[in-house]
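Below are the chains, spelled out letter by letter.
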Amino acid sequence: MSIVRWDSRFAFCLLFLLDISILLVINPAKSQANIPASTASRVSNSNVVPASMQLPVFYADRNNTVVEQVTPVSQLLSPAPKGSPTPKSSDRTVSNPAMEQVNSVSQLSDIKPTDWAFQALQSLVERYGVIAGYPNQTFQGNRAMTRYEFAAGLNAALARINELVSAGTSDLVRKEDLETLQKLQNQFAPELAQLRGRVDSLETRTATLQAQQFSTTTKLVGQVETVIGGVVAGNNVVTKQPAPHNFTFQDAVTLKLNTSFNGTDQLRVTLGAGNITSLGGTRSGLLGTSDGKTSDNASPSFPNNQLYVSGVRYRYLLGSDTAINVFAQSDGAFELGLSGTINPYFEGSAANGISRYSRRNMVYDYGDTGAGIAILHNFGKQLELGLEYTSINGNNPTANNGLFDGRYVALGQLLYSSPKSNFRLALTYANTYSPPNTTGLSGTNFGPVIGSNLANSTVAGAGTLANLYGAEAFYRITPSLAINGWVGYSAHRYLGNGDAEAWDWGAGLSFPDLFQKGSLGGIFVGMEPKLTSLSPNVNLGNGNGVADKDTSLHIEGFYQYQVNDNIAITPGVIWITAPDFNASNPDSVVVWLRTTFRF
């Protein structure tokens, strides 16, 4: 069976070809053994068709390899050898996943009994099984048909005739019937030849790909970023001295090896390297604060541009609605897709935001990379529950470390998506604990990594516990405009000392296909995590009971220019007012030019 797109006129022609098989199977010509010798001689001399007339048939073997079988017409003049198998129409197909075989004309939603071609289609479908429909169960009979498509349909008819004849008992065929087939075969010989050529070319290309591919089970996905940028305004909030205004040219590389063993699971090994230096951290770096921290920074735990394993994760399906991720090294929130699925234009697969903060609610960033497990379960098509446990130092067997005695993050999220997926709402809760004087892969001990120095500080010698709450929403107003926003609240407890509270919020506008298709513009305004209250007897560096006194705003804009499917250029700017939530600090400004290569 050849799966093609044809119009209704072809149905009558194909029906005529198939009806010839009725003459061959249902009403076979009389055998020479049953007629007088003289009559048999006349029939033999007038009706025998030259053996040079051949019927080409394409079929797929058990390995789904498309091959060609050429059957001389002379073989049709005698019955099939005793015991020979009857070919199946399903074995003679050129597979095309875009079309689906139908067994009843009622499966074609756009075909009605009042249509002029209904009876022909009904016969072709239900008697001969050589009609296929589109995946949406339509036939689209008014669509124009090319000669190539007719040739492919003719090939299917020939295959069906061969099948019926092989199953018959006749040893004679009416010459005029086969002559009709021969005329059609000759008329469409160029198309049939080109069809055979295309199949041969496809087989050759497939063999080449199999011989040269990286792996039969593993796919490599890579990304390389180059960044030119630096500070153009602002002071170090600790030293109160102007930050150096030096521009740098740096890079980041990510390689992902995705392996599937059964088609539904995935083993991902992520390799990373880079030398993009953070412009600020908690009382460190050029700015003396993590306010406005960029998103592309290299890990401080490895030398610049040293390739290291940044993630090892295995994902498999437990039923049709549940996915389980087991990771020896990764970020659980990322593996769940909790943030990226909500805010696709600022985060997502393109990682568009210039800063780390503009991408997601900080409820996801109180942890660090590590080992653990993540589970996603769908309640229907619109509600999804995500659960995740990450042990930050799960590979460390010493005291106050390991899977259950060390630093951890336990997170749960309920995500709602509207039927058209243009609105999403996520409610998130996380519980985290850090033993005293411990650090993770990113060099942090506790906190959201971004925001004020006080929000990221702990009491020396004391463990820190936090309960985190977040709500985030996304709404695509039109195909060219979307809005997103979130609010986050954190309750910190410095064990044996006292408590604190921190808040953050953000809102963004996205402009897909701005100026050209595939490009993206983004504007973001927010308040990074701010310590709003602190117990009177707790000193986090600014004095007993002293929390952040002013409000700092994070303002960001970027434009991602999509050069082609693999290259994007993204200029952007980050503006921080009252850095470290202190109005006495002058505003800081960072400019960034990122070029992304994906392969």
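Structural data are supplied above this passage.
These numbers come from a predicted model, not from an experiment. Along each chain, numbering runs from 1 in the same order as the chain's sequence is written. At least 70 in pLDDT is required for a residue's local features to be given in this predicted model, at least 80 for side-chain atom pairs to be given and counted, and no such filter applies to totals for whole chains, interfaces and linings, which use all residues. For the side-chain quantities, the full set of heavy atoms in the structure was used; hydrogens and water were omitted.

Draft legend 1. View of the overall build of the protein chain. Put simply, DSSP marks the helices as runs of H or I at least four residues long and the strands as runs of E at least two long, and each gets a number from the N terminus on. Across its full length, the protein chain holds 8 helices and 22 strands. For the protein chain, with 599 residues in total, the buried portion stands at 47%. By definition, residues are in contact when any of their heavy atoms lie within 4.5 Å. In the protein chain, 66% of the contacts between residues at least 6 apart in sequence involve partners at least 24 apart. With an accessible surface of roughly 28,000 Å², the protein chain has 56% of that area assigned to carbon and sulfur atoms. Summary of the burial criterion: residues with accessible area below 20% of their type's maximum are buried, those above 50% are exposed, and those between are partly exposed, where the area comes from a 1.4 Å probe applied to protein chains only. What sets the accessible areas is the Shrake-Rupley method with a 1.4 Å probe; for residues, cover comes only from the shown protein chains.

Draft legend 2. Broad picture of the packing of aromatic side chains. Pairs were defined over the aromatic rings of Phe, Tyr and Trp, the Trp ring being its six-membered one, requiring ring centres within 6.5 Å. Orientation was assigned from the angle between planes: stacked under 30 degrees, edge-to-face over 60, tilted for the rest. Going through the model one piece at a time under the given rule, you end up with 18 aromatic pairs. Both rings, one in Tyr416 and one in Phe423, keep their centres 6.4 Å apart while their planes meet at 55°; by these two values the pair is tilted. A relative accessible area of 28% means that Phe423 is categorised as partly exposed. Relative to Trp503, the ring of Tyr489 lies with its centre 4.8 Å away and its plane at 50°, an arrangement referred to as tilted. Of the two residues, Tyr489 sits in strand 17 (residues 481-494) while Trp503 sits in strand 18 (residues 498-512), which places them 14 residues apart along the sequence. On the accessibility criterion, Trp503 (38% relative accessible area) is partly exposed. Every member of this aromatic cluster is reached through a ring pair, and the members are Phe346, Tyr357, Trp486, Phe524 and Phe558.

Draft legend 3. Region of interest: the pairing of strand 7 (residues 266-274). Note: two strands are recorded as paired if DSSP finds a minimum of 2 bridges between them. Sheet topology places strand 6 (residues 248-259) next to strand 7; 8 bridges connect them, and they run antiparallel. If you follow Thr259 over to strand 7, its bridge partner there is Leu267. What sits between strand 6 and strand 7 in their antiparallel hairpin is a turn of 6 residues, with Gly263 showing a positive phi close to 95°. Sheet analysis places strand 7 next to strand 10 (residues 308-317), joined by 7 bridges and oriented antiparallel. Residue pairing in the sheet places Val269 in a bridge with Val312 of strand 10.

Draft legend 4. Molecular detail of the pattern of salt bridges. When a carboxyl oxygen of Asp or Glu lies within 4 Å of a side-chain nitrogen of Lys or Arg, that pair is called a salt bridge. Within this structure, the stated rule accounts for 5 salt bridges. Between Arg594 and Asp296 there is a salt bridge, with its nearest N and O atoms 3.7 Å apart. Here Arg594, found in strand 22 (residues 588-598), pairs with Asp296, found in the loop between strand 9 (284-285) and strand 10; they are 298 residues apart in sequence, far enough to count as distant. Residue Arg594 is classed as buried on the basis of its relative accessible area of 1%. Across the salt bridge formed by Arg493 and Asp499, the nearest N and O atoms sit 2.8 Å from each other. By relative accessible area, which is 30% here, Asp499 ends up partly exposed.

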